[in-house]
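Chain and residue survey
Residue strings, one per chain:
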Amino acid sequence: MVDVENVGLSLSYGLSLNGVLFWAVYMSCFIENKMVSVERIKQFTNIPSEPAWNIKDQLPPSNWPGQGNVDIRDLQVT
């Protein structure tokens, strides 16, 4: 037969273990999210810059564009 004191002690330890397990999983996820944030920051700081807006040797003529039309043919959107 199981004593009542042992049942109460087991329930108390079980509930506290549940809280500790929840805290450990929560902190593990929190730290992993922060590490991913740092990886993203490091990744974005190493992106090469775009070229200059105007390239002197490749400027379009001053009258370009003469007109603006967009022709869409065989467009399929799903």
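Residues numbered from 1 in each chain as written. Predicted model: local features only at pLDDT ≥ 70, side-chain atom pairs only at ≥ 80, totals over all residues. Heavy atoms only, no water.

Here's the deal with a nonpolar patch on the surface
Taken together, the side chains of Phe-22, Trp-23, Tyr-26, Phe-30, Ile-31 and Met-35 define a hydrophobic patch exposed on the protein surface, amounting to about 720 Å² of accessible area. For Phe-22, the location among the structural elements is in helix α1 (residues 4–45). A relative accessible area of 60% means that Phe-22 is categorised as exposed. (Patch = residues over 30% accessible without salt bridge, like charges linked within 9 Å, V, L, I, M, F, W, Y side chains within 5 Å. Areas by Shrake-Rupley, 256 points an atom, 1.4 Å probe, with all protein chains shown as cover. Salt bridge = Lys/Arg side-chain N within 4 Å of Asp/Glu carboxyl O. Helix = DSSP H or I, 4+ residues; strand = E, 2+ residues; numbered from the N terminus. Buried < 20%, exposed > 50% of the residue type's maximum accessible area, 1.4 Å probe, protein only.)

Topic: the environment of Gln-76
Mapped onto the secondary structure, Gln-76 falls in the segment after α1. Judged by its relative accessible area of 73%, Gln-76 is exposed. Separated by 42 residues in the primary sequence, Gln-76 and Lys-34 have C-alpha atoms spaced 42 Å apart.

A short note on the packing of aromatic side chains
Under the definition given, this model contains two aromatic pairs. Where Phe-22 meets Tyr-26, the ring centres are 6.3 Å apart and the plane angle is 25°; that geometry is what we call stacked. Here Phe-22 pairs with Tyr-26, and both are found in helix α1, just four residues apart, close to one helical turn. Seen from their ring centres, Tyr-26 and Phe-30 are 6.5 Å apart, and the 15° between their planes marks the pair as stacked. With a gap of four residues between them, Tyr-26 and Phe-30 both fall in helix α1, about one helical turn apart. According to the relative accessible area criterion, Tyr-26 is partly exposed, its value standing at 47%. Take Phe-30: its relative accessible area is 39%, and that puts it in the partly exposed class. (Phe/Tyr/Trp six-rings, centres within 6.5 Å; stacked < 30°, edge-to-face > 60°.)

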